[in-house]
Each structure stands twice: as C-alpha cells, then as structure tokens.
Amino acid sequence: MPESPAFLRAALTVCWAATASLSSGQSTPPKANDSTTPLHLLQPDYPVPYGQPAVADVTKVLDRVYTYLAGVTPMEVIDKQTSQPITSFGTFNPNAVLKPGDFRLTSYEWGVTYAGMLLASEATGDPRYAEYTNQRLAFLVNLIPYFREQVRANPQANTSLRPMLAPHALDDAGAMAAAMIKATRTGRVKADLRPQIDTYLSYIQTREHRLADGTLARNRPQPNTLWLDDLFMSVPALAQMGKLTGNGAYYDEAVKQVLQFSNRMFNRQKGLYMHGWVEGMSVHPEFHWARANGWAVMTAVELLDVLPETHPGRAAVLDLLRTHVRGLAACQSGSGFWHQLLDRTDSYLETSATAIYVYSMARAINRGWIDPLAYAPVVLLGWNAVATKVTEKGQVAGTCVGTGMGFDPAFYYHRPINLYAAHGYGPVLLAGAEVIHLLKKQQFEINDSSLQLTQKR
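This write-up is about the structure you can find in this document.

The rules behind these values
Residues numbered from 1 in each chain as written. Predicted model: local features only at pLDDT ≥ 70, side-chain atom pairs only at ≥ 80, totals over all residues. Heavy atoms only, no water. Helix = DSSP H or I, 4+ residues; strand = E, 2+ residues; numbered from the N terminus. Rg over C-alpha atoms; globule rule 2.2 N^0.38 Å. Buried < 20%, exposed > 50% of the residue type's maximum accessible area, 1.4 Å probe, protein only. Pairing = 2+ DSSP bridges. Phe/Tyr/Trp six-rings, centres within 6.5 Å; stacked < 30°, edge-to-face > 60°. Core = buried A, V, L, I, M, F, W, Y, C linked by side-chain atoms within 4.5 Å. Contact = heavy atoms within 4.5 Å. 1 Å grid on protein atoms, 1.4 Å probe; cavity = no way out; pocket = protein on both sides within 12 Å on 5 of 7 lines; lining within 4 Å. Points joined across faces, edges and corners; volume = space filled by probe spheres on them. Nonpolar A, V, L, I, M, F, W, Y, C, P; charged D, E, K, R; others polar. Axes fitted to C-alpha atoms, helices over the stretch in contact; angles between N-to-C directions. Left-handed = near helix turned anticlockwise from the far one by under 90°. Expected span 1.5 Å × (residues − 1). Salt bridge = Lys/Arg side-chain N within 4 Å of Asp/Glu carboxyl O.

1. Considering the overall build of the protein chain
Within the protein chain, the secondary structure is distributed over 17 helices and ten strands. In terms of overall dimensions, the protein chain is globule-like: its C-alpha atoms have a radius of gyration of 25 Å, near the 23 Å expected for 457 residues. Summarising its shape, the C-alpha atoms of the protein chain cover approximately 90 × 55 × 45 Å along the three principal directions. Within the protein chain, the fraction of its 457 residues that count as buried is 54%.

Structural data, given as structure tokens:
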C-alpha cells in the first residue's frame, strides 16, 4: 500500500535534516532505512527509456528512417558498364540495371517497407511516406515492358526485374503483392499495378510447391519443408486480394494456410511457433526463432484486418493470435527487446522481431482483439527499446541478417547483425506508425512507478 502524505513529509524531513547536518560539519547523517525513507520512490536505472513516449518523439524516429531511406533507394536505371543514367526506354540496353542503392526495391523486405511507409503516412498525416511507396511502385511497374524480353530470354538470370517478371519463390511474391494491393486500394498510385499483382498471386496459387494437403512448402533444406516465414510470404497477399476483389476463395485459402501451418508448428503450451517443420522427420526440433514468430503473428493481424467478421475461420485465427501474443509477451526481456531465440535468454536481443511484435500487438489492441490493460505496456516498452536502435542517420541497428533454417542452436545464436539487413526498416515504420495510433486512442499513467493504461472510473 502506498505510504501516506504524512509519511512522505516525514521522510523528506529526514533527508533535509541529513543535508543540513552535512553542511554544518557533522560527519554522520541520520540513518536512512525503510522506516525513514520512501525507498519505493528511488528511481530505477532502466536500460531503455521507461514510460509513455510522446507522439512527436515517435514521429521523429520515423522521420529519420524516412530521410535515410529516401536518400539511399534511388529510382533510376543506369548502364552497368558506364554507370551513366538511361533515360530513353525505346530500345533495350542489355547493360541496363536499376541503380544500386543500400537496398533492393523488389525484395520481400521492401514489400514490408512499402507497407510501413503507407501506414506511417496514415498515422502522421505526412504525405511523403506514402509518396515514397507510390512513386517507387509506379517506377517499377512502368519498367516492366522495358525489361520483359531480358527476363524472358533468361528467367534464371539475376536481372533487375526478374523477381517481378519471373518469381522463383514466395519471397519474391507475397510481401510485394500485399503492398501493391494496399497501395492500389488507396487510389493514389499513378500506374496500373493490377497486372503485376496478378503475376504474384498466380505464383502463390499455382506454382509454389505444396504438401499433399495443399500446405505451401519448399524442397529446401529438406524435401517437403515448411518454413514459418512463408505464412507472411503468402497469406497477407491472399487476404488483401480477397479484399480487393471480393472473392471469398482468397480468404478461404488464407485461413487454410494459417490453420494447416499452425497444426504442425504451433506449440500451444508455450504459445510459440517452431521455425521449421520437415515432413520426413519423426522429431521436429523446436527452435523458436524470433523473426519467424514475428512473421507469423503479423500474418494473423494482417489476415484479421480484412477477413470478414462472418468468415467461419475467423474465430480460430483470433484464438491463435491471442495465444501467440500471450506466449510472446511472456518472453519479453527486461530491456523491452525479445531474444533471437525467444525462450533462450542467453541468445542476443534482436531489433526486427521486437519491432514486428510492437506493431502486431499495437494493431491488435487498436482493433480490439487483445486486452489493452495487459499488453499496452508491453508495446510501449518494446517501442522504447526499438527507438534506441534507430541511429541519428536513420539506420536500424541490431537486426539479424537473412536466415535459413537450422536444426542446432549455434546456427541461430551466431547469425550476424548488420545495419544493412533490410528486414529491420519496414517493421520499425510499421511499429512507430501503429504506436502513434495507440497513443492517440489511449491514455497512460505512471501508477506506483509502473506504466499502465488509464482506466476511466
């Protein structure tokens, strides 16, 4: 029970007396202990900022990321031999490439970044973020006629638009498709994205390898392997296509994939997913890799965002989300970050997964899917941690590089981190934007030194 005002006044009197005693030359101040001093008011030494961030401060973080990315992801075609710009697109130059920047404009990581920019624009009211996405998507699709014959001549070549014109994997298709559909739905892109969207969806629906029951799979590193990452590389695109077209078959397929992956890979007792599942294994090693769990929880959020309330699979997806969030929240470290392997606290703290959890939980709170009293403090602690990893230049530190699938802990423990790991940027934009929405909708207070949601009485 908090001490009374009279006790606090008495404690302060003791402190003042101690100060006066020292200044008068006495060497021994009165003893301060739990009877004389409000020890519970001592300030903790938090490893990251603690408490409610200001909307303006969150916006400043997003602005730094935007400024950096706008400067290092050019929209330009050059001759790779001369490095000179190509501005005439009547006749194809076989040396033509997209001008290299710090990141690729057609990767799944950049699909997440495009979606993050759209959400940041919505949350802040700043059109620059949406313009970043709309301009680059229009730039890419307008180049398709120029690069088409190059890709047709060699679909395996690592040419600039190969991931768009000849997708080889769900990584090429899903996140980019979802971002393009979101951009299309805003009506602000000055290009027709639909043909490219159809190319991506055709790959997801008809060309990706599947198990006998239709679950999306890969034949690496072992035959008939499920990668948890592939939920995000497919389901949000299917769900968004359902919203764009009104065709319920897309929703049905999206829900089917979530449930069939989860039946094999979700540990309900822990509330966590394993990273990989191999059909030929009798025992499935459970490595709860943080970013893969991020892709899974974000998939559930993205699906629920557009899945009709009347869809028969909605309750099951919502139950999975709530169970997963409970498991994730239990793994958050005291610094606000989550570990590279969620349940192994000697593995390093990782930024991209932390940002994905912040976004997903904040959006779930804002949509009314999870308890804000329980999870809003988790979200704000996580955001405060993420914000410390955004440099003054706008780069995101502490992000694990691209990661395959392993069946031993050392593989995950020692994956490098890098400022140029593209996986961190989209999640930070998404997280900050959704935290802004949360801060505008909810009120917080420090109650008994703890950050808590303010309840109306």
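After that view, the rundown keeps rolling.
2. Focus: the pairing of strand S10 (residues 450-453)
Residues Leu451 and Leu453 of S10 are buried on one face, while the alternating residues Ser450 and Gln452, pointing to the opposite face, are not. Direction of pairing for strand S9 (residues 444-447) relative to S10: antiparallel, over a ladder of four bridges. Bridged to Asn447 within S10 is Ser450. Connecting S9 to the antiparallel partner S10 that follows it, the hairpin turn spans two residues, and Asp448 within it adopts a positive phi of roughly 55°.

3. Topic: the packing of aromatic side chains
In total, this model carries 21 aromatic pairs according to the counting rule given. An angle of 50° between the planes, with centres 6.4 Å apart, marks the rings of Trp110 and Tyr425 as tilted. Here Trp110 is found in helix H3 (residues 108-124), whereas its partner Tyr425 is found in helix H17 (residues 425-441), with 315 residues between them in sequence. The same class applies to Trp110 as to Tyr425, namely buried.

4. Quick word on the nonpolar core
With 144 residues, the main nonpolar core has Leu69, Leu201 and Leu321 as its most contacted residues. Among the elements that make up this core, the one with the highest residue count is helix H12 (residues 290-306) (eleven residues). Aside from chain neighbours lying at most four places away, what touches Leu69 is Phe103, Trp110, Thr113, Met117, Tyr132, Tyr425 and Leu429.

5. Re empty space enclosed by the protein
Under the counting rule described, the total for this entry stands at two cavities of 30 Å³ or more. A volume near 110 Å³ is recorded for the largest cavity. If you go around the largest cavity, you meet 15 residues; those closest to its centre are Ala115, Ala178, Lys182, Phe232 and Glu302. Those elements that provide at least two residues to the lining of the largest cavity are H3, helix H7 (170-186), helix H10 (235-245) and H12. Sorting elements by how many residues they give to the lining of the largest cavity places H7 first, with five residues. Tallied by class, the residues present in the lining of the largest cavity amount to eleven nonpolar, two polar and two charged. For the second largest cavity, the calculated volume is near 60 Å³. If you trace the second largest cavity, you find it lined by Leu231, Val258, Tyr273, Ala296, Val297, Thr299, Ala300, Leu320, Leu321 and His324. Those elements giving two or more residues to the lining of the second largest cavity turn out to be H12 and helix H13 (314-329). Among the elements that line the lining of the second largest cavity, the one with the most residues is H12, at four residues.

6. Some words on the packing of H3 against helix H4 (residues 127-142)
Between H3 and H4, whose axes approach to 6 Å, the crossing angle comes to 145°. At the point where H3 passes H4, the crossing takes the left-handed sense. Here H3 contributes Trp110, Thr113, Tyr114, Met117, Leu118, Ala120, Ser121 and Thr124 to the contact with H4, which in turn contributes Pro127, Tyr129, Ala130, Tyr132, Thr133, Asn134, Arg136, Leu137 and Leu140. Split by residue class, the contact of H3 with H4 holds eleven nonpolar, five polar and one charged.

7. Side note on H7
Here H7 contains 17 residues, and its C-alpha end-to-end distance of 24 Å stays within 8% of the 24 Å for a straight helix at 1.5 Å per residue. Buried residues of H7: Leu170, Asp172, Ala173, Gly174, Ala175, Met176, Ala177, Ala178, Ala179, Met180, Ile181 and Ala183, and no others. The elements touched by buried residues of H7 are H3, H4, helix H6 (162-165), helix H8 (194-207), helix H9 (229-232) and H10. Two residues or fewer after H7 comes Gly187, characterised by a positive phi angle close to 75°.

8. Thoughts on the pattern of salt bridges
All chains considered together, the criterion is met by 19 salt bridges. The shortest N-O distance in the salt bridge between Asp63 and Arg128 comes to 2.4 Å. One end of the pair, Asp63, is in helix H2 (residues 55-72); the other, Arg128, is in helix H4, with 65 residues separating them in the sequence. Residue Arg162 pairs with Asp172 through a salt bridge whose shortest N-O separation is 2.7 Å. You can see Arg162 sitting in helix H6 and its partner Asp172 sitting in helix H7, a full ten residues away along the chain. Each member of the pair Arg162 and Asp172 is classed as buried. Look at the salt bridges and you will find they share partners, linking Asp305, Arg363, Arg367 and Glu434 into a network.

9. Some points on the layout of surface pockets
When its volume is computed, the largest pocket comes out at roughly 490 Å³. Lining the largest pocket are 22 residues, and of these Leu118, Leu119, Glu122, Lys182 and Thr186 lie nearest its centre. The set of elements that each furnish at least two residues to the lining of the largest pocket consists of H3, H4, H7, H10, H12 and helix H14 (351-366). Looking at side-chain class alone, the lining of the largest pocket contains eight nonpolar, four polar and ten charged residues. When its volume is computed, the second largest pocket comes out at roughly 420 Å³. What lines the second largest pocket is a set of 21 residues, and nearest its centre among them are Leu98, Arg104, Asn158, Thr159 and Ser160. At the level of secondary structure, the elements contributing two or more residues to the lining of the second largest pocket comprise strand S2 (96-98) and H6. The element best represented in the lining of the second largest pocket is S2, accounting for three residues. Residues of the lining of the second largest pocket, tallied by class, amount to nine nonpolar, eight polar and four charged.

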